[in-house]
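Here is how the chains run, residue by residue.
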Amino acid sequence: MAEKLVVIGNGMAGIRTVEELLKIDPLAFDITVFGAEPYGNYNRIMLSPVLTGEKAFEEIVTHDEQWYVDNAVSLYKGKEVTEIDRVKRRVIASDGTTAEYDRLLIATGSNPFVIPVPGKDLDGVVTFRDMHDVNAMLDTAKQHKHAVVIGGGLLGLEAANGLMQQGMSVTVVHLMDTLMERQLDDVAAGMLRASLEERGLNFLMGAQTEAIIGKDRVEKVRFKDGTEIYADLVVMAVGIRPNMELAKTSGIHCERGVVVNDTLQTFDPRVYAVGECVQHRGITYGLVAPLFEMAKVCANHLAKHGIGRYEGSVTSTKLKVTGIDLFSAGDFTGNENTEDLIFQDASSGVYRKLVVQDNKIKGAVMYGDTIDGIWYFDLLRDETDISDMRKNILFGQAHLGDSGHGDDNRVIAMSDTAEICGCNGVCKGDIVSAITEKNLLTLEDVRAHTKASSSCGSCTGLVEALLAHTVGGDYSTAPHLKPMCACTDMTHDDVRAAITDKELKTVRDVMTGLAWKTADGCAKCRPALNYYVISAWPKEGLDDYQSRFINERVHANIQKDGTYSVIPRMWGGGTTPQELRVIADVAEEYDVKTVHVTGGQRIGLYGLTKEQLPPIWKKLSAAGMVSGHAYGKALRTVKTCVGKEWCRFGTQDSTRLGIELEKMTWGSWTPHKYKMAASGCPRNCAEATIKDFGVVCVDSGYELHVGGNGGIKVRVTDFLCSVKTENEVLEYAAAFMQIYRQEAHYLERTAPWLERVGLSYVKEQIVENEEYRKQLAASFHESQQYMQDDPWAERAEGVDKHEFEPIATITLGNQAVTA
Amino acid sequence: MQAATTKNAQGWIEVGQLDDIPKLGARVIKTEEGDIGIFRTAEDEVFALRDECPHKGGPLSQGIVHGKKVTCPLHNWNINLDSGEAVAPDEGCAASFPVRMEGTTIYLSIVAEENCPNK
């Protein structure tokens, strides 16, 4: 029989945990939920747009009553649990309803703090916490004029903005001298205040409320200095306190909140707690993102699954007031050990401050243009060393200059018909309506439902910005360390380390040895695992072709109509009349629809069927040509110019150098495609500074450049070092390729990898450490011994024949035929 | 070896042997009405689907097989091998065809199941 799980609290944290649990193991528990409010579950962070009238209550309901029925969850709504009997393991509600539990989850959230002043219980004094409060405010706004909001924090300003939208004249009263002092520094707070005043809000700063005055309902608010202002409505929004009364009276250890460990268990291990009611490692949270992270870990533990631990969250904040863009994260005030990087442009209304310690971002405040907030937040959470980008970091990631989006980076200002995802043709309106209608909270959700950002990924920043803007700042950002895919909780780095440490040499061994959750993995993890196995064990590792994407399985690039392309290697971009003649003959014989010169200095034949591939390869092979690996996560091309052999400006023999580089590296598998180039002089005709590894010849030797990219996101290479001889070029090329092969995540190109680990790190490893450089180069050459067999020649001779021929052919009338 | 296709009395056509299809792989059966993909799971179950993804017609037989699903090589839709239905939130289906095993011999009926209009 299934064990019984009782959840106290029908809010976002409790239900998110139930949802995660149902995902992992729907039969593990009989689940009963008690909720004090008379509704299903709704998205509390969306109360602000309900107050402004931008949304209706129905639009923010995330789980209607049918959801509970469909998932066999018993819901007691409008019933407040008043007692937990931990001896008999049951809970008792105010109306006498009882429920027994094997495991109990406390998700009672928080209560708004009401300042203890005379008159606090008068009619017309409300808090801003639930739908009941919002209804009270909306009703008052219909009949009355003057509203006073006590509290100039996030919640207070959202309430004030909402009431102003409803036509009230609103004064915000704040104890401190600046707004949102827990999220903003003085400058940003000043800009915010100016902008809100322009919209019509009044502010009373440094004002301490002494009493709320009125006979039956509120009439005035009086302050310590004796001044009074008229008020028909008073909203107390001075903060929240974890709601831990029930836990406390049940003898569960509480401090500022219900104390939990890293698996979200209280001091009674049968009793869990999640959300705003908990205190974890001394910290309480009042935002949504941490709560989702807790829910995941808690559900995992309830299902006796995995080893997930909650280790605390770094949070970011965004104000949900339409037209005001501000962002803050981490420790933005700093201390004597930190330094500030500041960008301020008052007339454009833009302000950015980063608090940095030891070259790592500790906090960020942004006002006006917050599109890069997500990027800074990632750098903060990943503790990325920013020393290489300090000079430019305040100007943002410039990811919005990516190809496919023009220079349109004001996602908020875009029209609904503006195309966000150029690959899948998804417009802003499609994404926003999917987010609101389907209550999407993560980038993964948006990808699954709209396909936006699921192909090339260049619009990921825009989609995240839209998500943040639509659901508010505390949308569920991707976790700090991302699991490889839904088949495991392990990260790419965890898996790579385990493959080496545990000597896992087949994809199947990895999945078994690391307790994969699915039988055979998925299309995301299998190719990654296969790459990790063969890169860690080039000799003994089993290359599992069924785990390779079709292109690498048949050594040709699948096209949109299911046909394939054939692109033979042309070493360093060079060819001969004899090779050209063979290519021309093949193109004619097989009626090739398109012959095209590629961007990598070679010739592609397009529109071939699978069956045609081996015979074509046989002919090319006979003429000495090999696979160009134009289909693979592998060494693609080495582009060259004609160098000093012909060019009057050439300083070195870049053509021969390019050919040598290509002969050395062809056939190697890499985390993503890998391109090189060698230019004969700084005019750089081979475009070496947008390649993964580029050589620019100069009179004194060779400049080496790394981490460039000419695709989705143009990135100019970083200068690695200068060397004197061709041999050194080859050694550095091998070492750099090898460290990238060993350390980057699958499908991570050198550009994002380099940005993640930092150029300084790579320099330390291969420029400053000669011994390690030689070791890396040796590992590369060792691996190449097993990789440089031409896959085309092998298949022309019959390897993997089944890939290229149908199993059977059935003719009209189902006649028996020999295929 | 490509198999000779023979049809027996019940409308079952012999299309080959289990080992003609790699584990977690697929092969193509050519028919007058278009290609049919024939898939083999890790547990040696065999399924047949119209070789056209309901999304943009991608050849499902070229995808990666995992569990009882195949991922289309063009845009990564996941299709259930037993029903031909796309895995939610995607919507659509590829017609599925009855398969019968006799020992290691695979028989196929080219009369599609009634599961979807895309026959």
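Caption draft 1: Structural view of the overall build of chain B. Each helix and strand in chain B was counted, giving zero helices and 11 strands. Seen in sequence order, chain B has helices and strands lined up from the N terminus as β-β-β-β-β-β-β-β-β-β-β. Long-range pairs, those at least 24 residues apart, make up 38% of the contacts in chain B with a sequence separation of at least 6.

Caption draft 2: Local environment of the overall build of chain A. When its secondary structure is counted, chain A shows 26 helices and 40 strands. On C-alpha atoms alone, chain A measures out to a radius of gyration of 31 Å, which is about the 28 Å that the 2.2 N^0.38 rule sets for 819 residues. Relative to its full complement of 819 residues, chain A shows a buried share of 49%. In chain A, the share of contacts with a sequence separation of at least 24, taken over all contacts with a separation of at least 6, comes to 63%.

Caption draft 3: Quick look at the interface of chain B and chain A. Contact with chain B, which involves 35 residues of that partner, is made by 29 residues of chain A. Considering each element in turn, the side of chain B that touches chain A owes the most residues, six residues, to strand β3 (residues 25–31) of chain B. Here the residues of the side of chain B that touches chain A sort into 17 nonpolar, 12 polar and six charged.

Caption draft 4: Region of interest: the domain arrangement of chain A. Residues and elements named next belong to chain A. When cut into domains, chain A gives domain 1 (3–109 + 242–302), domain 2 (125–238), domain 3 (398–479), domain 4 (492–548) and domain 5 (635–784). Computed from C-alpha coordinates alone, the two centres of domain 1 and domain 2 are separated by 30 Å. It is helix α2 (residues 47–52) that contributes the most residues to the side of domain 1 that touches domain 2, five residues altogether.

Caption draft 5: Quick look at helix α6 (residues 154–165) of chain A. All names here are of chain A. Taking 1.5 Å as the rise per residue, α6 with 12 residues should run 16 Å; its terminal C-alpha atoms sit 17 Å apart, in good agreement. Most of α6 sits out of view: 11 of its 12 residues are buried. As for α6, its buried residues are in contact with α2, α5 (131–143), β12 (146–150), β13 (169–174), β18 (233–236) and β23 (316–318). Where α6 ends, the next residue or the one after it, Gly167, has phi of about 95 degrees, a positive value.

Caption draft 6: Representation of the nonpolar core within the structure. Tyr532, Val533, Val695 and Phe736 of chain A together with Ile29, Ile38 and Ile79 of chain B are the most contacted members of the largest nonpolar core, which has 99 residues in total. Ranked by residues supplied to this core, first place goes to helix α22 (residues 726–743) of chain A with nine residues. Counting residues domain by domain, this core receives three or more from each of domain 4 (492–548) and domain 5 (635–784) of chain A. Other than its neighbours up to four places away in sequence, Phe736 of chain A contacts Phe693, Val706 and Ile766 of chain A. Residues Met46, Val50, Phe332 and Leu440 of chain A belong to the second largest nonpolar core, which totals 87 residues.

Caption draft 7: Main features of the sheet that holds β12 of chain A. Residue and element names in this part refer to chain A. Read across the open sheet, the five strands follow the order β11-β18-β12-β13-β14; overall the sheet is parallel. The open sheet terminates on both sides in strands that have one partner only, identified here as β11 (125–127) and β14 (202–205). In this sheet, neighbouring strand axes are inclined to one another by 20 degrees on average, regardless of whether the strands run parallel or antiparallel. Summarising the sheet, β12 and β13 pair through five bridges and their orientation is parallel.

Caption draft 8: Quick peek at the environment of Ala777 of chain A. Residue and element names in this part refer to chain A. Structurally, Ala777 can be placed in helix α25 (residues 770–784). C-beta crowding within 10 Å serves as the criterion here: with 22 such atoms nearby, Ala777 is assigned to the buried category. Those residues in contact with Ala777, other than ones at most four positions away along the chain, are Glu731, Ala734, Ala735 and Gln738.

Caption draft 9: Layout of the pairing of strand β9 (residues 103–106) of chain A. Residues and elements named next belong to chain A. Here β9 shows a buried face lined by Arg103 and Leu105 and a second buried face lined by Leu104 and Ile106. The pairing of strand β1 (residues 3–8) with β9 spans four bridges and is parallel. Note that in β9 the partner of Leu5 across the bridge is Arg103. Where β9 lies against strand β21 (residues 271–273), three bridges are found, and the strand directions are parallel. Bridging from a neighbouring strand, Leu104 pairs with Val271 of β21.

Caption draft 10: Fine view of the packing of helix α11 (residues 428–437) of chain A against helix α13 (residues 460–471) of chain A. Residue and element names in this part refer to chain A. Direction vectors running N to C along α11 and α13 enclose 45 degrees, while the axes themselves pass 10 Å from each other. Between α11 and α13, the crossing angle belongs to the class labelled oblique. In this structure, α11 meets α13 at a crossing whose hand is right-handed. Residues Lys428, Ile431, Val432, Ile435 and Thr436 of α11 lie in contact with α13, whose contacting residues are Val463, Leu466, Leu467, Thr470 and Val471.

Caption draft 11: Inspection of the sheet that holds strand β30 (residues 557–558) of chain A at higher detail. Residues and elements named next belong to chain A. With antiparallel pairing, four strands are arranged side by side in an open sheet as β30-β31-β33-β32. The sheet terminates laterally at β30 and β32 (594–597), the two strands that pair on one side only. Two strands pair when backbone bridges link them, and β30 and strand β31 (residues 564–566) are joined in this way by two bridges, in the antiparallel orientation. Residue pairing for β31: Ile558 is matched across the bridge by Tyr564.

Caption draft 12: Representation of helix α19 (residues 613–622) of chain A within the structure. Residue and element names in this part refer to chain A. For α19, the full list of buried residues reads Leu613, Pro614, Ile616, Trp617, Leu620 and Ser621. For α19, the buried positions fall inside an angular range of 160 degrees around the axis, keeping them on one side. At its buried positions, α19 is contacted by α17 (550–554), β31, α18 (577–589), β33 (603–608) and α26 (791–796). Looking at the residues trailing α19, positive phi occurs at Gly624, about 90 degrees.

Caption draft 13: Spotlight on the confidence of the model for chain A. Considering every residue of chain A, the mean pLDDT works out to 89; 95% of them sit at 70 or more. Low confidence marks residues 403–408 of chain A, where pLDDT is under 50. Its contacts with residues over four positions away, or in another chain, come to 11 contacts.

Caption draft 14: Fine view of the environment of Asp340 of chain A. Residue and element names in this part refer to chain A. Within the fold, Asp340 resides in strand β25 (residues 339–345). The exposure class of Asp340 is partly exposed, given the 14 C-beta atoms found within 10 Å. With 15 residues separating them along the chain, Asp340 and Val355 place their C-alpha atoms 4.8 Å apart. Not counting residues up to four positions away in its chain, the partners in contact with Asp340 are Gly334, Lys353 and Val355.

Caption draft 15: Structural view of unusual backbone geometry. Along the chain, Ala88 of chain B connects to Pro89 of chain B via a cis peptide bond; the corresponding omega equals 5 degrees. Counting through the fold element by element, Pro89 of chain B comes out in the loop between β8 (78–80) and β9 (96–97). Backbone geometry places Leu264 of chain A, a non-glycine residue, at a positive phi of 65 degrees. With respect to the helices and strands, the residue Leu264 of chain A is situated in the loop between β20 (258–260) and β21. The class for Leu264 of chain A is buried, based on 29 C-beta atoms found within 10 Å. Even without being glycine, Glu383 of chain A reaches a positive phi, approximately 50 degrees.

The rules we used
- Residues numbered from 1 in each chain as written.
- Chains lettered and ligands numbered in written order.
- Predicted model: local features only at pLDDT ≥ 70, side-chain atom pairs only at ≥ 80, totals over all residues.
- Helix = DSSP H or I, 4+ residues; strand = E, 2+ residues; numbered from the N terminus.
- Contact = placed C-beta atoms within 7 Å.
- Rg over C-alpha atoms; globule rule 2.2 N^0.38 Å.
- Buried ≥ 20, exposed ≤ 12 C-beta atoms within 10 Å, placed from the backbone.
- Nonpolar A, V, L, I, M, F, W, Y, C, P; charged D, E, K, R; others polar.
- Domains from an automatic or database assignment.
- Expected span 1.5 Å × (residues − 1).
- Core = buried A, V, L, I, M, F, W, Y, C linked by C-beta atoms within 7 Å.
- Pairing = 2+ DSSP bridges.
- Axes fitted to C-alpha atoms, helices over the stretch in contact; angles between N-to-C directions.
- Parallel < 35°, antiparallel > 145°, perpendicular 65-115°, else oblique.
- Left-handed = near helix turned anticlockwise from the far one by under 90°.
- Arc of directions from axis to C-beta.
- pLDDT = per-residue confidence, 0-100.

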